[in-house]
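# Per-entry structural report
Now for the letters of each chain:
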Amino acid sequence: MTHIANKQQLLRSILSGWLSLAAEIAVALLLTPYIIAKLGAATYGVWSLMISVIGYLGLIDVGIRGSVGRYINHYLARNDQRALNEVVGTSTVVLSALSLLAGAAAYALGNNFSTIFPKTPAELQGDIRLALPLLAIGLWLSFISSILSNLLAAKEALYLTNAYNLVVLLLRSGAIYWALGHNHGIDALVVITLCSSALGALLSLWSVRRAYAGEKLEFLCFSLERLKKIWRFGLAAFVGRSASTMANDSAPIIGMWILGPEAVAIYSVAMMLTQNARRALEQASNAVFPSVMKAGAIHDLPGLRGLFIRFMDIGFAIGSLIFLGLAFFSGDFLKLWVGPLYQEGSSTVAILALGYLLGSIASTGPLSLASLDHVNTTMRISLAEAILCIVLTAALPGLFGLGLAGMALGSTLPRLITGCAVYPWLSIHYLGAELAPTMRAGLQRNLYFAGLIACCFWLIAALRPSAESWSAFFITVILATLAYLMIVASRYRDLPLIGTLTNRIRPWLPWISKP
C-alpha cells in the first residue's frame, strides 16, 4: 500500500527526529548557562518572558496548524489536487492574517511592557519595544514552516524537516555564542532568532518545490468552504490539545497549594525527565502520522488495523527501554544530577514512566479516530481526562495524604483509563472487530516482554551497588541496555530501528530461534 510508509521510511523519519531532539536537549543544557552568564539574570529573565509571550500569541491560530497536516494527507491520498491547493492556500492566507493580529498585539505589548511588568529594567525598554514585533514576524515564519513541514511529511520526507531543524539549531547556537561573546545583547538574539527562522522556512520551501515538482501548489488561493472544514477540525484538536496541556500542567500548580514549593521543585524535575523521554516516543508518532491520515482518508480499515498493531509494538519496544529504565534507575540519576534532595522524586518518575509505557496500548487509536472524522470524540475524551486529572491530583495528595506519589497518580490514572480501556474499545468499534484478536495477541506479547525487561532491570538494580559516580551509573545503563537488546532480539524483528539492531545481534545469540 503506497499510502502507508514502509520500514525504511519510518526508520529514516524516527532516527532523524531522535537526532534533532538529542541536539536540541544538548544545546539547551550547554548554552543556557552561557546565555545567563553573558546577559545577566535580569536581562535573561526579560528575554525568557518575551519568548513566553510570543508562545502565547501563537495560540491565535486556534488549532489551524494542527489540522493542516490532517487535510494535506487526506486530499493527497485521494489525489484531489484542487482540494490540496485550497488547504495549502487557505491555511497560508488565514495564518498570515492572524499573524498580523499577533504582530499588532506584540507592538502594543512592547510599548506597554514596563507598565504591565513594572519591575522591567528601564534600560531594556527600547530593546523590548523593537524585539517583540520582530519576534512576531518570526511567529509568522513558524506558521508558514508548519505548513511546509506537513507538505514534506506527506511525501514521507519528514527527515528533511528534522535535518533542517538540526542545521538551523547549530547555526543559531553558534551565532548566539559569537554574538554574546562580543558583548551584544537582546537585539542580537532577536536578529539571530528571526534570521534562523527565515532560513528554516526557505530550506523547507525549496524542498517542497522539489518534492511536488510535478504538482502545481498554490499558496495564495482561498476557499471559505475549505476554511470551515479546517477550522472545525482544528478547533476540536485545539481544545483537545489544550485539555491535555491542562492535565499535564495542573499538578505543579495544585502541588504548590497543598505540598509547598520544595515538593513542586522535586515533581517538576521528575516530570521534565519523563516528558523528555516521552518526546522520543512522539518522534515515532510523528513518523506514522501521514500513513494514518492517508489510510483514514480512503477508509482503508485493514491498513489502520495494521498500523495500530505495528505502532503498539513500536511503543512497547522503545518504551520498555526508556520508561522502564527511568523507573528503575532514575534515583541514581537524580542524585548525581541535581542532588540527594531530588532523589525522592524517583517514585514519581516511576509512576509517570509506567503510565506512559502502558499508554502504548492505545497505539494509533486517537489518530485513527481523527482520520475517520471522529475528532469530536477525542476532544470529549481529552476534556474528561483533564477534569479527572485535576480532581485526582487535588484529592490524592491532600485528602489521602499520598504526597508526591499522589500527584503522580492523579496525573497518570486518567491516562491509564483512556489509554488502556477507552481508546482500545473505540478502536475495535470503528476499525472493525477483526482488530480485537490481533490486539489481544499483541498486548499479551508486548506485556510479556516488557515484564521480562522489568525483571531484568530489577535484578541489575538490586545486585549492583548504589551509583556514587557518573562512571558507575553509565556502567549500569550499559548493562541494562545490553540486557534489553538480548531480550528484544527474540521478538522485535520487523520493526524500524529495533528490528535492524536486533537482526545484527541475533547471530551472536544461538539460543534464539532463527526466523
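Residues numbered from 1 in each chain as written. Predicted model: local features only at pLDDT ≥ 70, side-chain atom pairs only at ≥ 80, totals over all residues. Heavy atoms only, no water.

## Some thoughts on unusual backbone geometry
Unusually for a residue other than glycine, Asn79 sits at a positive phi of about 55°. Tracing the sequence through the fold places Asn79 in the loop between α3 (64-77) and α4 (81-111). Phi is positive for Asn183, close to 65°, though the residue is something other than glycine. Structurally, Asn183 can be placed in the loop between α7 (158-181) and α8 (186-211). (Helix = DSSP H or I, 4+ residues; strand = E, 2+ residues; numbered from the N terminus.)

## Side note on the environment of Phe222
Relative to the elements of secondary structure, Phe222 occurs in the loop between α8 and α9 (224-258). Its relative accessible area of 46% is what places Phe222 among the partly exposed residues. Spatially, the C-alpha atoms of Phe222 and Ser91 are 8.2 Å apart, while their sequence positions differ by 131 residues. Sequence-distant contacts of Phe222, defined by excluding residues within four places in its chain, comprise Thr90, Val93, Val94 and Leu227. (Buried < 20%, exposed > 50% of the residue type's maximum accessible area, 1.4 Å probe, protein only. Contact = heavy atoms within 4.5 Å.)

## What to know about the nonpolar core
Counting 114 residues, the largest nonpolar core has Met50 and Leu151 as the members making the most contacts within it. Take this core: its biggest share by element is 14 residues, from helix α11 (residues 301-338). With residues up to four places along the chain from it excluded, the contact list for Leu151 reads Ile72, Val88, Val208, Tyr212, Leu217 and Phe219. If you look at the next biggest cluster of nonpolar residues, it comprises nine residues, including Ala251, Ile266, Leu404 and Met407. (Core = buried A, V, L, I, M, F, W, Y, C linked by side-chain atoms within 4.5 Å.)

## Some thoughts on α8
An ideal rise of 1.5 Å per residue puts 38 Å on 26 residues; α8 measures up with 37 Å between its terminal C-alpha atoms. Turning to α8, its buried residues number three or more, namely Ile186, Ala188, Leu189, Val190, Ile192, Ser196, Gly200, Ala201, Ser204, Ser207 and Val208. Where the residues of α8 are buried, they touch α1 (7-39), α2 (41-57), α6 (125-154) and α7. (Expected span 1.5 Å × (residues − 1).)

## Considerations on the confidence of the model for the chain
Detail in the predicted coordinates should be disregarded across regions flagged by low pLDDT. Looking at the chain, the pLDDT average stands at 83 and 92% of residues meet or exceed 70. In the model, residues 509-515 has pLDDT below 50 throughout and makes 13 contacts with residues more than four positions away in sequence or in other chains. (pLDDT = per-residue confidence, 0-100.)

## Structural notes on the layout of surface pockets
The computed volume of the second largest pocket comes to approximately 250 Å³. Taken together, 13 residues line the second largest pocket, and the ones lying closest to its centre are Trp140, Ile144, Leu148, Leu205 and Phe219. Of all the elements in the fold, those that place two or more residues in the lining of the second largest pocket are α4, α6 and α8. (1 Å grid on protein atoms, 1.4 Å probe; cavity = no way out; pocket = protein on both sides within 12 Å on 5 of 7 lines; lining within 4 Å. Points joined across faces, edges and corners; volume = space filled by probe spheres on them.)

## Observations concerning the packing of aromatic side chains
Taken as a whole, this structure holds 12 aromatic pairs when the rule is applied. Relative to Phe233, the ring of Tyr71 lies with its centre 5.7 Å away and its plane at 75°, an arrangement referred to as edge-to-face. Of this pair, Tyr71 sits in helix α3 while Phe233 sits in helix α9; the two residues are 162 residues apart in sequence, bridging distant segments of the chain. Residue Tyr71 is classed as buried on the basis of its relative accessible area, which comes to 3%. Judged by relative accessible area, which is 4%, Phe233 ranks as buried. (Phe/Tyr/Trp six-rings, centres within 6.5 Å; stacked < 30°, edge-to-face > 60°.)

## A short note on α3
For α3, built from 14 residues, the straight-helix expectation of 20 Å at 1.5 Å per residue is met to within 8% by its first-to-last C-alpha distance of 20 Å. Restricting attention to buried positions, one finds in α3 the residues Ile64, Ser67, Val68, Gly69, Arg70, Tyr71, Ile72, Asn73, His74, Tyr75, Leu76 and Ala77. Of the residues flanking the end of α3, it is Asn79, one or two places downstream, whose phi is positive at about 55°.

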